[in-house]
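Survey of secondary and tertiary structure
In case you want the letters, here they are:
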Amino acid sequence: MLDVDVDYQINAVQRKFGTRTIDTGEAYVATISQAYDTDQDDLWDAVTNIERIPRWLMPISGDLKVGGTYQLEGNANGTVLTCDPPKNFTATWEYGGNVSWIDVSVSSEGPDRARLVVEHIAHVDDETSRLFGPGAVGMGWDSMLLGLALHLSTGESVDPAAGQEWLATEDGRRFLKLSGEQWYAANVANGTDPAVAREAADRCLAAYLGEE
């Protein structure tokens, strides 16, 4: 079973929610960030190397170059739009009939410290965003950053099946609840009515816990 310090991981992550005007109109932006005890090149490799991504995320296939496509097994697919190694890449994120975008940045915070910032950008009329709030994508990214933290701290692979099993444990469910509360707070901080934000957060948590 995975050994996770739930409170440490929740507190190590920074989360923001806001809006931005993009080429196709107004968009929501959920931003999640964490610093890791590794250098920029290693963190970049961890999030862009097709042979290494499955060691902390999930199996992936495709051609990870500009214009190439990818498929995360049982999850999103998309197209790589831009790439500026070892600093930034952007890609579409296509799932459940919806198209959104990810903007992933890696920066150095010292010789053995590097930060990952993920912006997940979706149209304001995106049905998933409207119903479930920023946690719809944010809680998923929280789990992904946890997998990356475990991989980088141990050098070992994180079995996706073991990760799913852990999320069903008492600690795993508490992790999801705390993540949901953080995204609820980010939604309120962005100006959303607290009652509306609470309803969305509760729906989102129930979905992640399989209690819909």
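Scroll up for the structure.
Here is a short report on the structure shown in this document. In this text, all values refer to a predicted model and were calculated from it rather than measured experimentally.

The rules behind the values
Position numbers for residues count from 1 along each chain, tracking the sequence in the order it is written. Reporting of local features is limited, given that this is a predicted model, to residues whose pLDDT is at least 70; pairs of side-chain atoms are given and counted only at 80 or more, and all residues count toward the totals for whole chains, interfaces and linings. The side-chain numbers reported here are obtained from all heavy atoms of the structure, hydrogens and water having been left aside. For this document, the term salt bridge refers to a Lys or Arg side-chain nitrogen within 4 Å of an Asp or Glu carboxyl oxygen. Secondary structure counts use DSSP, requiring at least four H or I residues in a row for a helix and at least two E residues in a row for a strand, with both numbered from the N terminus. Classification of residues uses two cut-offs on accessible area relative to the type maximum, computed with a 1.4 Å probe and protein chains only: under 20% is buried, over 50% is exposed, and between them is partly exposed. A 1.4 Å probe that fits into a set of points on a 1 Å grid over the protein atoms alone but cannot get out defines a cavity; an open set with protein on both sides within 12 Å along at least five of seven lines defines a pocket, and lining residues are those with an atom within 4 Å of a point. Grid points are joined across faces, edges and corners, and a volume is the space filled by probe spheres set on the points.

With that settled, the discussion passes to the pattern of salt bridges. Here the structure, examined in full by the defined rule, presents eleven salt bridges. For Asp37, the salt bridge identified is with Arg113, shortest N-O distance 2.6 Å. One end of the pair, Asp37, is in the loop between β2 (25-36) and α2 (40-48); the other, Arg113, is in the loop between β7 (98-108) and β8 (114-123), and 76 residues separate them in sequence. Residue class for Asp37 comes out exposed when judged on its relative accessible area of 62%. The shortest N-O distance in the salt bridge between Arg198 and Glu181 comes to 2.8 Å. Of the two residues, Arg198 sits in helix α7 (residues 194-208) while Glu181 sits in helix α6 (residues 170-189), which places them 17 residues apart along the sequence. For Glu181, a relative accessible area of 37% puts it in the partly exposed group.

Applying the stated criterion across every chain yields a total of one cavity of 30 Å³ or more. Of the voids in this model, the largest cavity is the one considered here, and its volume is about 60 Å³. Lining the largest cavity are 13 residues, and of these Phe132, Pro134, Gly135, Tyr184 and Ala201 sit closest to its centre. Only α4 (135-154), α6 and α7 provide two or more residues apiece to the lining of the largest cavity.

By themselves, these observations are geometric and do not establish any function.
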